[in-house]
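One-letter residues, chain by chain:
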Amino acid sequence: MFGDPHITTLDGVNYTFNGLGDFLLVRAQDRNSSFLLQGRTAQTGSAQATNFIAFAAQYRSSSLGPVTVQWLLEPHDGIQVLLDNQTVTFETGHEDGGGQGTFNATGVLLSRNGSVVSASFDGWAAVSVIALSNILHASASLPPEYQNRTEGLLGVWNNNPEDDFRMPNGSTIPPGSSEEVLFHYGMTWQINGTGLLGKRNDQLPSNFTPVFYSQLQKNSSWAEDLISNCHGDSSCIYDTLALRNASIGFHTRTISKTYEQVNATLNQYPPSINGGRVVEAYKGQTTLIQYTSNAEDATFTLGDNCTDFKLFENGTLLWTPKSLEPFTLEILARSAKIGLASALQPRTVVCHCNAESQCLYNQTSRAGNSSLEAC
């Protein structure tokens, strides 16, 4: 949730929603816990656009009463943080200049790093909020147990982008709908009554309608220089044109790119390694074991000090044990595309009886502090 609200759902659908008020961003629940995230918007200056000025998250579990954290925008890109309605003062190290700190309480760990304040609830769900250009931008991270159990402006989290815009009454509008239709969808998630952020101090107009991207594009010829730094990024163009402010548009693009990179990293896993967890061989004879991976571009390599082994890039392992010198076999599979690697350390058992028929591979002794066992 960033800029003049541009939102990416939990299934990765991007849309712009300039609603004015308090909104349900996500409600999630499983058998043991529940999580609630709400946001408050205000009009962005005199523009027909809005931005977030506050967020509130509440977590509760079967072993824990409700824990509520609020993030409130303050002047000069400050963030006031409240835990259960009490202002949080972050502990900082003696050498710290005040930009970093943590606060640990039952059920939640709060941390501040410059203008970013994060909350991790029970090590389970997390919310991170940053203040930039007098706007709050936020990201939420939920555990897989909440899949198929979410509702709100962050969508239905089920790996199916087609049903993300589901309204409280259960009906759904399709992705790719016009911004005007999406605006009416978003307003169905407005919180009636008092939410986690309490009552507002300001009086909201009852008929606020934002300016839409299609309208801005029609009249954008005056601003070609202004939007040149957006490099075609629609959220950056929208914010630049709606607010007539290139630096806010640039900040929107910067945060958008950061969130994209975080998502790309979090949604990638190192390649798996499939194959024998125990390698058995007879002295002087070559044993072949094939390892495979779920990543098509995975290449296999050996760790250090595996002199009696040969491992081909396709995962074929050859072992010809020549001595009983201790070593630890480590097999690595690396994906060039995502730059992540996995490691496997199989048990290695060598038999050095006079005849192979005498080998008892289940009666072994370890050679030093290594993975080699001898029988």
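Heads up: the structure comes first, above all this text.
Conventions used here
- For every chain, the first residue of the written sequence is number 1, and numbering continues from 1 onward in sequence order.
- This being a predicted model, a pLDDT of at least 70 is required before a residue's local features are given, and a value of 80 or more before pairs of side-chain atoms are given or counted; all residues contribute to the totals for chains, interfaces and linings.
- Excluded from the side-chain calculation are hydrogens and water; included are all heavy atoms of the structure.
- Under the DSSP-based scheme used, a helix requires at least four consecutive residues in state H or I and a strand at least two consecutive residues in state E, with every element numbered from the N terminus.
- Using C-alpha atoms as the atom set, the radius of gyration is obtained and then compared with a globule rule of 2.2 Å times the number of residues to the power 0.38.
- Under the scheme applied here, a residue whose accessible area is under 20% of the maximum for its type counts as buried, over 50% as exposed, and between as partly exposed, the area being computed with a 1.4 Å probe on protein chains only.
- Pairs of residues are marked as contacts when any of their non-hydrogen atoms sit within 4.5 Å.
- Each accessible area value is a Shrake-Rupley result obtained with a 1.4 Å probe; residue values ignore everything except the protein chains displayed when judging cover.
- Any two strands with at least two DSSP bridges between them are considered paired.

Visitor: I'd like to hear about the overall build of the chain, residue by residue, with values.
Guide: A tally of helices and strands in the chain yields four helices and 24 strands. Over its C-alpha atoms the chain spans a radius of gyration of 28 Å, topping by over 25% the 21 Å that the globule rule assigns to 375 residues. For the chain, the C-alpha atoms occupy an extent of roughly 90 × 50 × 50 Å along the three principal directions. Burial statistics for the chain: of 375 residues in total, 46% are counted as buried. Taking the intrachain contacts of the chain between residues at least 6 apart in sequence as the baseline, contacts between residues at least 24 apart amount to 52%. Total accessible area computed for the chain in this model is approximately 19300 Å², and 46% of it derives from carbon and sulfur atoms.

Visitor: An account of the pairing of strand 20 (residues 331–335) is needed here, citing residue identities and associated values.
Guide: Within a regular strand, side chains alternate between the sheet's two faces. Side-chain alternation along strand 20 places Ile331, Ala333 and Ser335 on a buried face and Leu332 and Arg334 on a face that remains uncovered. The sheet contact formed by strand 17 (residues 298–302) and strand 20 spans five bridges and is antiparallel. Its bridge partner being in strand 20, Thr299 is matched across the sheet by Arg334. Where strand 20 meets strand 21 (residues 341–344), four bridges bridge the pair, whose relative direction is antiparallel. Pairing of Arg334 across the sheet is with Ala341, part of strand 21.

Visitor: So, the environment of Phe17: which residues are in play, and what are the values?
Guide: Structurally, Phe17 can be placed in the loop between strand 2 (14–16) and strand 3 (22–29). Residue Phe17 is classed as buried on the basis of its relative accessible area, which comes to 3%. Once residues within four sequence positions are removed from consideration, Phe17 is found in contact with Pro5, Ile7, Phe23, Thr50, Leu153, Leu182, Phe183, Gly186 and Met187.

Visitor: Tell me about the pairing of strand 6 (residues 64–74), residues and numbers included.
Guide: Pairing geometry for strand 5 (residues 50–61) and strand 6, over seven bridges, is antiparallel. Pairing of Ala56 across the sheet is with Gln70, part of strand 6. Connecting the antiparallel pair strand 5 and strand 6 is a turn made up of two residues. Here strand 6 pairs with strand 7 (residues 78–83) via six bridges, running antiparallel. Residue pairing across strands places Glu74 opposite Gly78, the latter belonging to strand 7. Hairpin connection from strand 6 to strand 7: three residues lie between these consecutive antiparallel strands, with His76 at a positive phi of about 60°.

Function-wise, these values are silent; they only describe arrangement.
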